[in-house]
Number of protein chains: 2
Amino acid sequence: MGLVVQKFGGTSVGSAERIKNVAERIIEEKQRGNDVVVVVSAMGKTTDDLVKLADELTERPSKREMDVLLSTGEQITISLLAMALNAKEVDAVSFTGWQAGIQTEAVHGNARILNIEAERIQAQLKLGKVVIVAGFQGATEDGAITTLGRGGSDTTAVALAAALKADKCDIYTDVTGVFTTDPRYIKNARKLFSVSYDEMLELANLGAGVLHPRAVEYAKNYQVPLVVRSSMEREEGTIIEEEVSMEQNLVVRGVAFEDNITSVTVFGLKDPLTSLATIFTTLAAHHINVDIIIQSLTDQKTMNVSFSIKDSDLEETVKVLEENKAALSYEKVTSEQGLAKVSIVGSGMISNPGVAADMFKVLASEDIVIKMVSTSEIKVSTVIVKEKMVQAVEALHDAFELSSVPVIA
Amino acid sequence: MGLVVQKFGGTSVGSAERIKNVAERIIEEKQRGNDVVVVVSAMGKTTDDLVKLADELTERPSKREMDVLLSTGEQITISLLAMALNAKEVDAVSFTGWQAGIQTEAVHGNARILNIEAERIQAQLKLGKVVIVAGFQGATEDGAITTLGRGGSDTTAVALAAALKADKCDIYTDVTGVFTTDPRYIKNARKLFSVSYDEMLELANLGAGVLHPRAVEYAKNYQVPLVVRSSMEREEGTIIEEEVSMEQNLVVRGVAFEDNITSVTVFGLKDPLTSLATIFTTLAAHHINVDIIIQSLTDQKTMNVSFSIKDSDLEETVKVLEENKAALSYEKVTSEQGLAKVSIVGSGMISNPGVAADMFKVLASEDIVIKMVSTSEIKVSTVIVKEKMVQAVEALHDAFELSSVPVIA
């Protein structure tokens, strides 16, 4: 008999019918003899509706009050799910974030979990009850309600699994697992049996979108085994854990991609020593997210630096750079919009230095010009024109034989 | 500089526009130099919508989970109102019931407030902030969310006013005050300048409906001056306080009425000593509310008792009496539906024994047969046929000159 944490997202609890379906999944887990702690998000469009109400009142709602407002979304779901379980004669009890003992930083809208006082949950588990916890929320030491920001319910689930020493944490979602690449674009995409935390982190950061990086990091730190699986279908999902055993021979585990990328190049920076720090500090202060950064010294005196941003941030980026031209001391700025990022990810790369070269060869054979390259130990990212993104992903998916490996389950 | 508690009901906060209007009323009070604590209900139809969600899942939702669900309604309002005040550059902070330190019994759906730990509110008032508290809710010692049942937000406001030693508690509602009788039925109804707690209690119990009796009782116990007034119009409301000074000469202060009353008579009870206790204990156990009770010994051996209930409770009442016929030991039960209760209320009656007689004379002159009578120190209630209810109220309102006394303000 073990302890399983289950997490169901907003789509999975989007209606009374779906909440009943979730209750069934919980009961199945109970019938396997496990204790169950469930983490749920707000129902479907609830959060959007609440944001709309706030918008009618003010353009700049206080972050503290937004947390009070938005946290009602999950509170509605926990009570309804508890009722659905009670209706099926299963004892269940709901807890908001503060009731579950989830203590966070005093950062409204994007708090981190500091500690979980799990006694109240443990007492209810001992009574044989299913414990349902509101995801995405907690409270500060002073008792102010906080929310955890994007991916918050995933993080709640993983943090609870860690605090309760759960045997695993099942993330139920609207896909059946983690795929070698996005199945909506690439027909041959294959569901992975398992990936490592690091691989999942790179995939998540690259826009694979199934799990929030913060949740994966938390799971890695506390060695919580995660399973990503479908709330509607019964098939096995993808296990995320430290050591990936079954597909160890795979050098590349997935191909991730993302469009609407802009590359920006700043030419002729006069101060190679401090320019980099100054540019990116300035951009961060204006909330511009920079992804890839490439820098090369062109001659002894000046430096060029290129970086990638989202298309939508270009206007603001150019404005910020121009306003700070004197302080940054550069010659000119150029940019190119309409690009895409295509990356291969796999922990097997670490011991296999030719993988990046293989990737470049594949793209060259497809007549795809690489605009930028960035590498890490388990990832190679390239920036290319958006029009060739799907072509590039298909070619790489085939070349690294990602579709031909059978699912092991 | 004083402290004022303001309470706004669900209609007053039913839309973004109305919440902005409430913010204006709060700012007006602040500008008079007072500290302000605001208690709000859930927006208009929110509670109904939440109940509907629960109904889709189960016919018998757990009361604990209903409290978790319904308490989100006020939580939404407090955050929105705080945002509306912030948007007008007024510092405000919202508190749920548990954050405001409102401790209740562990009775879900109908809890009583046990204690208010007001330190957190006081600290925020010291910082010059408007404190907005969710009405109708609290938490048990164990941290479970509770709701206070009907009239809950009124009670929250009065309890906070008592705990904070506020100078007054303004109940903003959709009427402009307490009237001598219901202005929707009786044209000459006049707004009272003031009523005593006891008079208000009788009026509230008699269906005047402006304020919940529990809130009035609380106000009386803690001597909190209440003002009932309109949230939309600026005119003065009605003061509810211990000593009514300005209209002391008024023997009768109001005429209350209520239809859909049934009278039930149980004939030939064999045990005059214990029958009364047994009957009403049995009915209470079946959640049947009994209003007027009249009892008379007909001969030495048996007793008859009459009482009034709501029309809708008749079927259940007859069923309960028949099921317990052996234990209660009576001859027969009769009932009459389609009745109405008409009452006159006024603390001046205590020292004026002819008032009841005056009332009976007025009804007799209108050819209205009195079916039942019940009297208290400040109230005389009569039960008559429903069809003559409005006629009776108009005649009494005129006879006691309720419309001719000018408003003193």
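Residues numbered from 1 in each chain as written. Chains lettered and ligands numbered in written order. Predicted model: local features only at pLDDT ≥ 70, side-chain atom pairs only at ≥ 80, totals over all residues. Heavy atoms only, no water.

K.L.:
What's the story with the overall build of chain A in this structure? I'm lost.
P.N.:
The number of helices and strands found in chain A is twelve helices and 18 strands. In summary, chain A has a C-alpha radius of gyration of 23 Å against a globular reference of 22 Å for 409 residues, a match within 12%. Projecting the C-alpha coordinates of chain A onto the three principal axes gives extents of approximately 75 × 55 × 35 Å. Residue burial in chain A is summarised as follows: out of 409 residues, 55% are buried. Within chain A, contacts between residues separated by at least 24 positions form 74% of all contacts whose residues are at least 6 apart in sequence. For chain A, the accessible area works out to roughly 17700 Å², and carbon and sulfur atoms hold 48% of it. For chain A, the separation between the mean place of its 40 positive charges and that of its 57 negative charges on side chains is 1 Å. (Helix = DSSP H or I, 4+ residues; strand = E, 2+ residues; numbered from the N terminus. Rg over C-alpha atoms; globule rule 2.2 N^0.38 Å. Buried < 20%, exposed > 50% of the residue type's maximum accessible area, 1.4 Å probe, protein only. Contact = heavy atoms within 4.5 Å. Areas by Shrake-Rupley, 256 points an atom, 1.4 Å probe, with all protein chains shown as cover. Lys, Arg positive; Asp, Glu negative; His and termini not counted. Charge placed at Lys NZ, Arg CZ, Asp CG, Glu CD.)

K.L.:
Teacher, can you tell me more about the sheet that holds strand 1 (residues 3-8) of chain A here?
P.N.:
Backbone-to-backbone hydrogen bonds join strands into a sheet, with any given pair of strands oriented parallel or antiparallel. Residue and element names in this part refer to chain A. Taken in spatial order, the eight strands make up an open sheet running 3-6-2-1-9-11-12-10, and their pairing is mixed. The strands lining the two open edges of the sheet, one partner per strand, are strand 3 (92-95) and strand 10 (194-196). Along the sheet, successive strands turn relative to each other by an average axial angle of 20°, direction set aside. Examined bridge by bridge, strand 3 and strand 6 (residues 130-134) share four bridges and lie parallel to one another. Looking across to strand 6, one finds that Ser94 is bridged to Ile132. (Pairing = 2+ DSSP bridges. Axes fitted to C-alpha atoms, helices over the stretch in contact; angles between N-to-C directions.)

K.L.:
When you look at the side chain of Glu29(A) in this model, what are you seeing that I'm missing?
P.N.:
With respect to the secondary-structure elements, Glu29(A) resides in helix 1 (residues 16-31). Ignoring any residue separated from it by four or fewer positions in sequence, one finds Glu29(A) in contact with Val4(A), Gln6(A), Asn34(A), Val36(A), Asp170(A) and Tyr172(A).

K.L.:
Even after reading the chapter, I still don't get the relation of the copies chain B and chain A, so can you show me in this structure?
P.N.:
Related by rotation about an axis and a shift along that axis, the two copies of the chain form a pair. Each copy superposes on the other: chain B lies on chain A with an RMSD of 0.2 Å after a rotation of 179° and an axial shift of 0.1 Å. Each copy turns onto its partner about a two-fold axis. When each C-alpha of chain B is compared by its distance to the rotation axis, Thr72(B) comes out closest, at 2.6 Å. In this assembly the copies share their binding face: 100% of the residues contributing to the interface of chain B also contribute to that of chain A. (Least-squares fit on C-alpha atoms with pLDDT ≥ 70 in both.)

K.L.:
What am I meant to see in the pattern of salt bridges here?
P.N.:
When the charged atoms of two side chains lie near each other, side chains of opposite charge can form a pair. All names here are of chain B. Throughout the structure, instances matching the rule amount to 39 salt bridges over all chains. For the salt bridge of Glu258 with Lys310, the shortest nitrogen-to-oxygen distance reads 3.6 Å. With a gap of 52 residues between them, Glu258 in strand 13 (residues 254-269) and Lys310 in strand 15 (residues 303-310) connect regions that are remote in the sequence. By relative accessible area, which is 46% here, Lys310 ends up partly exposed. (Salt bridge = Lys/Arg side-chain N within 4 Å of Asp/Glu carboxyl O.)

K.L.:
Quick question: what am I supposed to make of the interface of chain B and chain A here?
P.N.:
Many authors give the size of an interface as the accessible area that is lost as the parts come together. Counting from both sides, the interface comprises 41 residues of chain B and, opposite them, 41 residues of chain A. Here chain B meets chain A over a buried area of about 3200 Å², counting both sides, of which 67% is carbon and sulfur. For the interface between chain B and chain A, the tally reads 14 residue pairs in polar contact (both at pLDDT 80 or more). Counting only elements with at least two residues in the side of chain B that touches chain A, the list comes to helix 1 (16-31), helix 2 (46-57), helix 3 (63-87) and strand 3 (92-95) of chain B. (Buried area = accessible area lost by both parts, 1.4 Å probe. Polar contact = N/O pair within 3.5 Å; in protein donor to acceptor, adjacent residues only side chain to side chain.)

K.L.:
Looking at this structure, how should I read a negative patch on the surface?
P.N.:
On the surface, a cluster of negative charge is made up of Glu315(B), Glu316(B), Glu322(B) and Glu323(B). Residue position: Glu322(B) is located in helix 9 (residues 314-323). (Patch = residues over 30% accessible without salt bridge, like charges linked within 9 Å, V, L, I, M, F, W, Y side chains within 5 Å.)

K.L.:
Before we go on, may I ask you to explain helix 4 (residues 119-126) of chain B in this structure?
P.N.:
An α-helical segment advances 3.6 residues per turn. Residues three or four places apart therefore align on the same side. All names here are of chain B. Those residues of helix 4 not exposed but buried are Ile121, Gln124 and Leu125. Relative to the axis of helix 4, the buried residues are bounded by an arc of 105° and lie together on one face. Summarising the geometry of helix 4, the exposed residues directed more than 90 degrees from the buried face are Glu119 and Lys126. Against strand 1 (3-8), strand 2 (35-40), strand 3, strand 6 (130-134) and helix 5 (152-163) lie the buried residues of helix 4. Looking at the residues trailing helix 4, positive phi occurs at Gly128, about 85°. (Arc of directions from axis to C-beta.)

K.L.:
It is not clear to me how the sheet that holds strand 2 of chain B should be interpreted in this structure. Could you clarify?
P.N.:
Residues and elements named next belong to chain B. Spatial ordering of the open sheet is given by 3-6-2-1-9-11-12-10, a layout of eight strands whose pairing is mixed. Because the sheet does not close on itself, it has two edges, and the strands there are strand 3 and strand 10 (194-196). Direction aside, neighbouring strands of the sheet carry axes that sit 20° apart on average. As paired strands, strand 1 and strand 9 (residues 168-173) are joined by five bridges and run parallel to one another.

K.L.:
Can you walk me through the UniProt feature "binding site: substrate" (unreviewed entry) in chain A in this structure?
P.N.:
Residues and elements named next belong to chain A. Residues annotated in UniProt with the feature "binding site: substrate" (unreviewed entry) correspond here to Thr47 and Glu74. In three dimensions, the annotated residues from a span of 28 residues occupy one location, with a maximal C-alpha spread of 9.1 Å. By the secondary structure assignment, Thr47 is in helix 2 (residues 46-57). For Thr47, a relative accessible area of 25% translates into the label partly exposed. In this view, Thr47 contacts Ala42 and Leu70; residues no more than four positions away in its chain are not counted. In this structure, Glu74 sits in helix 3 (residues 63-87). Given the relative accessible area of 2%, Glu74 is considered buried. (UniProt positions renumbered as here; feature names shortened; annotations may be inferred.)

K.L.:
Help me out: how do you make sense of the packing of aromatic side chains in this one?
P.N.:
To describe a pair of aromatic rings, one takes the distance between the centres and the angle between the planes. Evaluation of the coordinates by the stated rule reveals nine aromatic pairs over all chains. An angle of 15° between the planes, with centres 4.5 Å apart, marks the rings of Phe8(B) and Tyr172(B) as stacked. Within this pair, whereas Phe8(B) is found in strand 1, its partner Tyr172(B) is found in strand 9, the two being separated by 164 residues in sequence. An identical accessibility class is assigned to Phe8(B) and Tyr172(B); each is buried. Here Tyr218(B) and Tyr222(B) contribute two aromatic rings whose centre-to-centre distance is 5.0 Å and whose plane-to-plane angle is 25°, an arrangement assigned as stacked. Separated by four residues within a single helix, Tyr218(B) and Tyr222(B) lie in helix 7 (residues 213-222), roughly one turn from each other. The class of Tyr218(B) is buried, set by a relative accessible area of 18%. A relative accessible area of 49% places Tyr222(B) in the partly exposed class. Looking at Lys332(A), its charged tip hangs above the ring of Phe267(A), at a distance of 4.9 Å from the centre. (Phe/Tyr/Trp six-rings, centres within 6.5 Å; stacked < 30°, edge-to-face > 60°. Lys NZ or Arg CZ within 6 Å of the ring centre and 35° of its normal.)

K.L.:
I tried to follow the pairing of strand 2 of chain B on my own but got confused; where do I start?
P.N.:
Along any regular strand the residues' side chains alternate between the sheet's two faces. All names here are of chain B. Within strand 2, six of the six residues are buried, which leaves it mostly tucked inside the rest of the structure. Of the two faces of strand 2, the one holding Asp35, Val37 and Val39 and the one holding Val36, Val38 and Val40 are both buried throughout. In terms of strand pairing, strand 1 meets strand 2 through six bridges, oriented parallel. In the sheet register, Lys7 faces strand 2, and the bridge partner there is Val39. A crossover connection joins strand 1 to the parallel strand 2 through helix 1; in handedness this β-α-β unit is right-handed. Alignment of strand 2 against strand 6, held across four bridges, turns out to be parallel. For Val39, the partnering residue across the bridge sits in strand 6 and is Val133. (Right-handed = clockwise from strand over helix to strand, strands pointing away.)

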